[in-house]
Amino acid sequence: GATIRANLAVTGSYPELVARLWDVAPGGATRQIVEMGAYRPSVNQATGTSTTATANQSITFELPPNDYVVAPGHTLELELVGSNSPFFRASNGTFTISVSNLHATVPLG
């Protein structure tokens, strides 16, 4: 699957990051989900963490692999969101995440 590396600046409690990899047809006519995964940073996860607590973390995580084939002319789009409930359980807290130095790689087969 796709591997995502990034630096996170987290404010708040119980942060989570959901990554969705989309196949986008030329001109954006259609979008199809290719891979999806969730990551819970290890920072600000303790009970009683303030909604104003801040922390930084460098992360690397991989989306579940599959044998999807991207059609010629299509592009891949990576979307990062803070929730994908009910597919992934929603966070118990309130948080914001700023992402920097994002690098995503997709294996070619």
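As a reminder, the structure under discussion sits directly above these lines.
None of these values were measured; they are calculated from a predicted model. (Residues numbered from 1 in each chain as written. Predicted model: local features only at pLDDT ≥ 70, side-chain atom pairs only at ≥ 80, totals over all residues. Heavy atoms only, no water.)

Colleague: Help me understand the sheet that holds strand 2 (residues 17-24) in this model?
Modeller: Picture the strands of a sheet paired through backbone hydrogen bonds; they go either parallel or antiparallel. Reading across the sheet, the three strands line up as 3-2-5 and stay open at both edges, with antiparallel pairing between neighbours. The sheet is open, and its two borders are formed by strand 3 (31-39) and strand 5 (75-81), each paired with just one other strand. Direction aside, the axes of adjacent strands within the sheet are offset by 20 degrees on average. Strand direction decides the pairing type here: strand 2 and strand 5, joined by seven bridges, are antiparallel. (Pairing = 2+ DSSP bridges. Helix = DSSP H or I, 4+ residues; strand = E, 2+ residues; numbered from the N terminus. Axes fitted to C-alpha atoms, helices over the stretch in contact; angles between N-to-C directions.)

Colleague: Could you clarify how one ought to interpret the pairing of strand 2 in this entry?
Modeller: Look at any regular strand and the pattern is simple: side chains alternate between the two faces of the sheet. Most of strand 2 sits inside the fold, with eight of its eight residues counted as buried. Every second residue of strand 2 is oriented toward a common face, with Leu 17, Ala 19, Leu 21 and Asp 23 on one face and Val 18, Arg 20, Trp 22 and Val 24 on the other, all of them buried. By the bridge criterion, eight bridges tie strand 2 to strand 3 in an arrangement that is antiparallel. Each residue of the ladder has a partner; that of Asp 23, found in strand 3, is Gln 32. Between strand 2 and strand 3, which pair antiparallel one after the other, the connecting turn spans six residues, and Gly 27 there sits at a positive phi close to 75 degrees. (Buried < 20%, exposed > 50% of the residue type's maximum accessible area, 1.4 Å probe, protein only.)

Colleague: Which parts of the structure should I look at to understand unusual backbone geometry?
Modeller: Comment: phi is negative for the bulk of residues other than glycine, and the bulk of peptide bonds are trans. Between Ser 85 and Pro 86 the backbone carries a cis peptide bond, its omega angle lying at 10 degrees. By the secondary structure assignment, Pro 86 is in the loop between strand 5 and strand 6 (95-105). Even without glycine at this site, Tyr 14 takes up a positive phi of about 55 degrees. One can find Tyr 14 in the loop between strand 1 (3-12) and strand 2. The exposure class of Tyr 14 is partly exposed, given its relative accessible area of 21%. For Asn 101, which is not glycine, the phi torsion reads 50 degrees and is therefore positive. Within the secondary structure, Asn 101 is located in strand 6.

Colleague: Honestly, the sheet that holds strand 4 (residues 54-62) in this entry has me stumped. Any pointers?
Modeller: Ordered by their spatial adjacency, three strands build an open sheet running 4-1-6, and the pairing between neighbours is antiparallel. Bordering the open sheet on either side are strand 4 and strand 6, each of which pairs with just one other strand. The mean angle between the axes of side-by-side strands here comes to 20 degrees, regardless of whether they run parallel or antiparallel.

Colleague: Help me understand the side chain of Asn 44, please; the structure alone is not making it clear to me.
Modeller: Here Asn 44 is to be found in the loop between strand 3 and strand 4. One polar contact links the side chain of Asn 44 to the main-chain carbonyl oxygen of Ala 53, over a distance of 3.2 Å. (Polar contact = N/O pair within 3.5 Å; in protein donor to acceptor, adjacent residues only side chain to side chain.)

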